[in-house]
Structures are given as structure tokens and as C-alpha cells.
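# Analysis of the macromolecular model
Spelled out, the chains give:
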Amino acid sequence: GQQVMQIPQYQHVQEGEDFTTYCNSSTTLSNIQWYKQRPGGHPVFLIQLVKSGEVKKQKRLTFQFGEAKKNSSLHITATQTTDVGTYFCHGGNYGGSQGNLIFGKGTKLSVKP
Amino acid sequence: DAGITQSPRHKVTETGTPVTLRCHQTENHRYMYWYRQDPGHGLRLIHYSYGVKDTDKGEVSDGYSVSRSKTEDFLLTLESATSSQTSVYFCATGGDGRRTDTQYFGPGTRLTVL
């Protein structure tokens, strides 16, 4: 079945350092979404990518969707303590009557001030 | 955040007892989902619904049942709770399109089965 692998599982950085998490799918995706979950909180939608090679930015966050639509990345420039949390990718496939989608297991980011 | 509430927010129960968790939305979203979240496993889909009385299984549906009699309510039932069902349960809702639309999550229910 479809699998979405996310790496790394954990990342510890010093405040001000950059951070990147990668999401890789075993099949071609129709879209990919990124979510952030703060400690003790619930996942919150960040962004959706649909087009091959798409790049979107939100302040210090840069999201990319691979040309083959099988991988994606989230890059944070100059991390801050407010970036702490777990980042999930969510791969979607339009196949079938209802579509299909699966979450990566997430990358837990800790930031040392 | 979308108007999604979950009840109860915390529950402690004993093995073998039935448990029902409720998800209520005010957004009129077509899709509703139940996930469980456990350390090392991320978010795993239990069941989802694509309309009133229309439900389907997710990847970890054994031991769980769901019902959706109204657009705004999605119930998750553990017929006979087991310790392996101790987890944090999240409800989510989506738009009117496919399952691949953006999802909005509720605050979660922390369930402990002793």
C-alpha cells in the first residue's frame, strides 16, 4: 500500500540554526499538506502543495513539492523557540472514489535557546 | 480554527467497558475522521465518514466502530476497551471535496484504559 516516510524523526537545533524535514512517498501524490502540532496541542494545517516543483513560502518557512510529486520538504530558516513542535506531512492521492491519504510519522523539532 | 469540539477531553476507564467519544463540528464539512496518536506511530486513521450514515474503515479499525447520524456529529465507540486502546484520539473534519482536502483537527481526547 501507499507509504509516506518522513525523516528525520527527531531534530534538535540551536536557536538561529536552520531546520529541514523531508517527506518521501512510495507512489506519486496528487497533493501534499503540512501540519504543525505544538506540544500538548492538536495538528494545525500549514499549507498545501499541488503542482509539480511547486515552492511556497510563509515567512521563515519554505515548502517544496518535488518534480515527480513523490517527495516534499519543509525548511525553516533561523529557527525560533516558537517553532518547537512536530511537523507532519500528509500525502494525498485522488485515486478511487474517495481518494486516499496518509500521514507521515512526523519530525519532532526541539529548539535550544 | 474550525469549530470542532470533542467530548470528553479526558477519560479513564477499565478494561472491558464500552466507551463512546463524540466529535461535534459547526462547519458543515462533509468529511469527518477519527485518528489515534501514539508515540512512534504518528497519526493513524481509525475510521472516516463522507456523509451521513456513510463511513469507511481506516488503517487501524479493529476494535472500533463509528456512527454518523447527523452532519455535525461523529461518534467513535470502543465496544470493549482494552489497554492497547490507551491513546490520544483526534477528530478531524474536511471540506466538501475529496478526502485529500485540508483537515481541521479538534483538541483531542486522552483515553486511559486500566
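Anything mentioned here points back to the structure above.
Residues numbered from 1 in each chain as written. Chains lettered and ligands numbered in written order. Predicted model: local features only at pLDDT ≥ 70, side-chain atom pairs only at ≥ 80, totals over all residues. Heavy atoms only, no water.

## Some words on the environment of N31(A)
All names here are of chain A. Stated formally: Here a helix means four or more residues in a row that DSSP labels H or I, a strand means two or more in a row labelled E, and each is numbered from the N terminus. Polar contact criterion, stated in full: a pair of N or O atoms within 3.5 Å, where within protein one must be able to donate a hydrogen and the other to accept it, and residues adjacent in sequence count only if both atoms are side-chain atoms.
By the secondary structure assignment, N31 is in strand β4 (residues 31–37). For the pair N31 and K70, spaced 39 residues apart in the sequence, the C-alpha separation amounts to 9.5 Å. Side-chain polar atoms of N31 contact the side chain of Q48, separated by 3.1 Å.

## With respect to the pairing of strand β11 (residues 109–113) of chain B
All names here are of chain B. Here is the rule we go by: Relative accessible area decides the class of each residue, using a 1.4 Å probe on protein chains only: under 20% of the type maximum gives buried, over 50% gives exposed, and in between gives partly exposed. Between any two strands, at least two bridges found by DSSP are needed for them to pair.
On β11, burial follows the alternation: T109, L111 and V113 on one face are buried, whereas R110 and T112 on the facing-out side are not. Bridge count between strand β2 (residues 10–13) and β11: four bridges; the pairing is parallel. Residue K11 lies in a different strand from β11, and its bridge partner there is L111. Sheet topology places strand β9 (residues 87–93) next to β11; three bridges connect them, and they run antiparallel. Residue pairing for β11: S87 is matched across the bridge by L111.

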